[in-house]
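A structural walkthrough
If you want the building blocks of each chain, they are given just below.
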Amino acid sequence: MTVDLKELENQLLESVNGADNEAALEEVRIGALGKKGLISSQMKGLGKLDPEQRKQTGQALNGVKARISEALALRREVLKKQALEERLATENIDVTLPARQRDQGTIHPVSQVWEEIVQIFADLGFAVAEGPHIDTDWYNFGALNIPDEHPARQEHDTFYFHRDAEGNRKVLRTHTSTVQIRTMEKTAPPIRIIAPGRTFRCDSDQTHTPMFHQFEGLVLDKDIHLGHLKWCLLEFCKTFFEATDLKLRLRASHFPFTEPSMEVDVNCSWVDGQLKVGEGDNWMEILGSGMVHPNVIRAGGHDPDEVQGFAFGIGIDRLAMLKYGIPDLRAFFESDLRWLRHYGFSTLNVPTLAGGLS
Ligand code: PHE
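**Brief notes about the layout of surface pockets**
Taken as a whole, the largest pocket spans an internal volume of roughly 1,000 Å³. Lining the largest pocket we find 40 residues, and of these Arg201, Phe212, Gln214, Phe255 and Glu285 sit closest to its centre. Residue assignment for the lining of the largest pocket shows that the elements contributing at least two residues are helix H7 (151-155), strand S6 (211-221), strand S7 (248-255), strand S8 (258-271), strand S10 (282-292), strand S11 (308-315) and helix H11 (316-324). Looking at which element gives the most residues to the lining of the largest pocket, the answer is S10, with six residues.

Here is the structure:
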């Protein structure tokens, strides 16, 4: 044997105890006990020795190997503990610190207002209902007391699909009133729902886009009258515009699916080119509404002599423009990041009635 085992052991022990992190220690381990490590290569040399020497050196080498292994294990424990303590000291987070706003996405005004509306009506006991964007002529028109050739069909600038083999054609729904029928069909009164969603009309200018958002309201129950409608809308508008003195004006109008029908205005003021809803003597139209037409109640599968109801339809985008002073509707759907940063809402401020809507 040319190598002094005692010296080898001391050398290795020194390296083990000198390793100051787990990766360095692993290097030492491989250098000693790995396939080509110092101890392993000594082991390989045993074959060349005569039997007596082989026995002695073999035992001695095994002893070195065992002690080095033990030293490695001990050192590993120490280093692990050290590393953990270091992490605990440097990686602590103060969970009582306020959340830092990251300048990444914002909530689109439509999503914000949508959520505000749902919150307000949830508080009034309304559930949220949904319907498909592509619907049949029947749900969009027929069931809503708009027969073929009715002039209202032209007013809606409908996107039609090709006719199928039976001559029926589907439409992109022009309003959320489709959900009135779909809800009546599957729900027994009392019904109290709002149906927010996308609607489509072939129209585009500063206040119209081919896709826009509406929400429908429908109440169907015994002895429902116009007073309920007015109270409900007043309550909604006051809460939504955060204006306790807000006034409503109901103007006679016409929709085929309601009788009587009313357009609803809110009072507003223009000061220095700034619109304020809920104060002043000007009026601004914000929604269409009325008492559900008996034919519509029948089409929904109920008896108009038993139950009555009211319905309303409001543009979500329009509400967002009015509440947050956004002048052009088209910009809503252009995905311009500068616009979104300016008009978007914090992802952390979820609107609630208790915590504040906006
Ligand atoms: N559906 C009508 C529209 O889109 C709005 C409306 C809904 C009017 C419900 C009355 C009742 O213009």
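**Focus: the site of the ligand**
Close contacts around the ligand come from 14 residues, with His175, Ser177, Arg201, Gln214 and Glu216 the closest. Here a nitrogen atom of the ligand and a side-chain polar atom of Ser177 are 2.9 Å apart. Gln214 has a polar side-chain atom sitting 2.9 Å from an oxygen atom of the ligand. For the ligand, the cavity whose grid points lie within 2 Å of the majority of its atoms is the largest pocket. Sorting the residues of the shell around the ligand by element identifies S6, S10 and S11 as the ones contributing at least two each.

**A look at unusual backbone geometry**
A cis amide bond links Pro189 with the next residue in sequence, Pro190, at an omega value of 5°. The residue Pro190 is located in the loop between helix H8 (178-186) and strand S5 (191-200) in this model. Of note, the amide linkage connecting Glu259 to Pro260 takes the cis form, showing an omega dihedral of -5°. By secondary structure assignment, the location of Pro260 is in strand S8. Its identity is not glycine, yet Glu149 carries a phi of approximately 70°, on the positive side. Mapped onto the secondary structure, Glu149 falls in the loop between helix H6 (137-140) and H7. The phi dihedral of Glu242 is positive, around 50°, even though this residue is not glycine.

**Considering the packing of aromatic side chains**
Counted according to the given criterion, the structure contains 14 aromatic pairs. Here the aromatic rings of Phe215 and Phe236 are separated by 5.7 Å at their centres, their planes lie at 70°, and the arrangement is edge-to-face. Here Phe215 is found in strand S6, whereas its partner Phe236 is found in helix H9 (residues 226-240), with 21 residues between them in sequence. Considered together, Phe215 and Phe236 belong to a single accessibility category, that of buried residues.

**Focus on the pairing of strand S4 (residues 169-172)**
Pairing analysis gives three bridges linking strand S2 (residues 134-136) to S4, with the strands arranged antiparallel. If you follow Ile134 over to S4, its bridge partner there is Leu172. Summarising the sheet, strand S3 (residues 160-163) and S4 pair through two bridges and their orientation is antiparallel. Note on S4: the bridge partner recorded for Arg163 is Arg169. Two successive antiparallel strands, S3 and S4, enclose a turn made up of five residues, where Gly167 displays a positive phi of approximately 90°.

**With respect to the sheet that holds S4**
The strand order across the open sheet built from three strands is S2-S4-S3, with neighbouring strands paired in antiparallel fashion. Across the chains shown, the open sheet's two edge strands, defined by having one partner strand only, are S2 and S3. When strand polarity is set aside, the average angle formed by the axes of neighbouring strands in this sheet is 30°.

**Things to note about the confidence of the model for the chain**
Taken as a whole, the chain shows an average pLDDT of 92; of its residues, 98% reach a score of 70 or greater. Within the chain, H7 has the poorest average pLDDT of any element, 74, and helix H10 (residues 294-299) the best, 98.

**Description of the nonpolar core**
In this structure, Ile117, Phe121, Phe215, Phe236, Phe241, Phe312 and Leu319 are the most contacted members of the largest nonpolar core, which totals 46 residues. Those elements giving two or more residues to this core turn out to be helix H5 (109-123), S6, H9, S8, S10, S11, H11 and helix H12 (337-343). Counting 21 residues, the second largest nonpolar core, distinct from the first, contains Ala143, Leu144, Ala152 and Val296.

Calculation notes
Residues numbered from 1 in each chain as written. Predicted model: local features only at pLDDT ≥ 70, side-chain atom pairs only at ≥ 80, totals over all residues. Heavy atoms only, no water. 1 Å grid on protein atoms, 1.4 Å probe; cavity = no way out; pocket = protein on both sides within 12 Å on 5 of 7 lines; lining within 4 Å. Points joined across faces, edges and corners; volume = space filled by probe spheres on them. Helix = DSSP H or I, 4+ residues; strand = E, 2+ residues; numbered from the N terminus. Near = heavy atom within 4 Å. Polar contact = N/O pair within 3.5 Å; in protein donor to acceptor, adjacent residues only side chain to side chain. Sits in = over half its atoms within 2 Å of the grid points. Phe/Tyr/Trp six-rings, centres within 6.5 Å; stacked < 30°, edge-to-face > 60°. Buried < 20%, exposed > 50% of the residue type's maximum accessible area, 1.4 Å probe, protein only. Pairing = 2+ DSSP bridges. Axes fitted to C-alpha atoms, helices over the stretch in contact; angles between N-to-C directions. pLDDT = per-residue confidence, 0-100. Core = buried A, V, L, I, M, F, W, Y, C linked by side-chain atoms within 4.5 Å.

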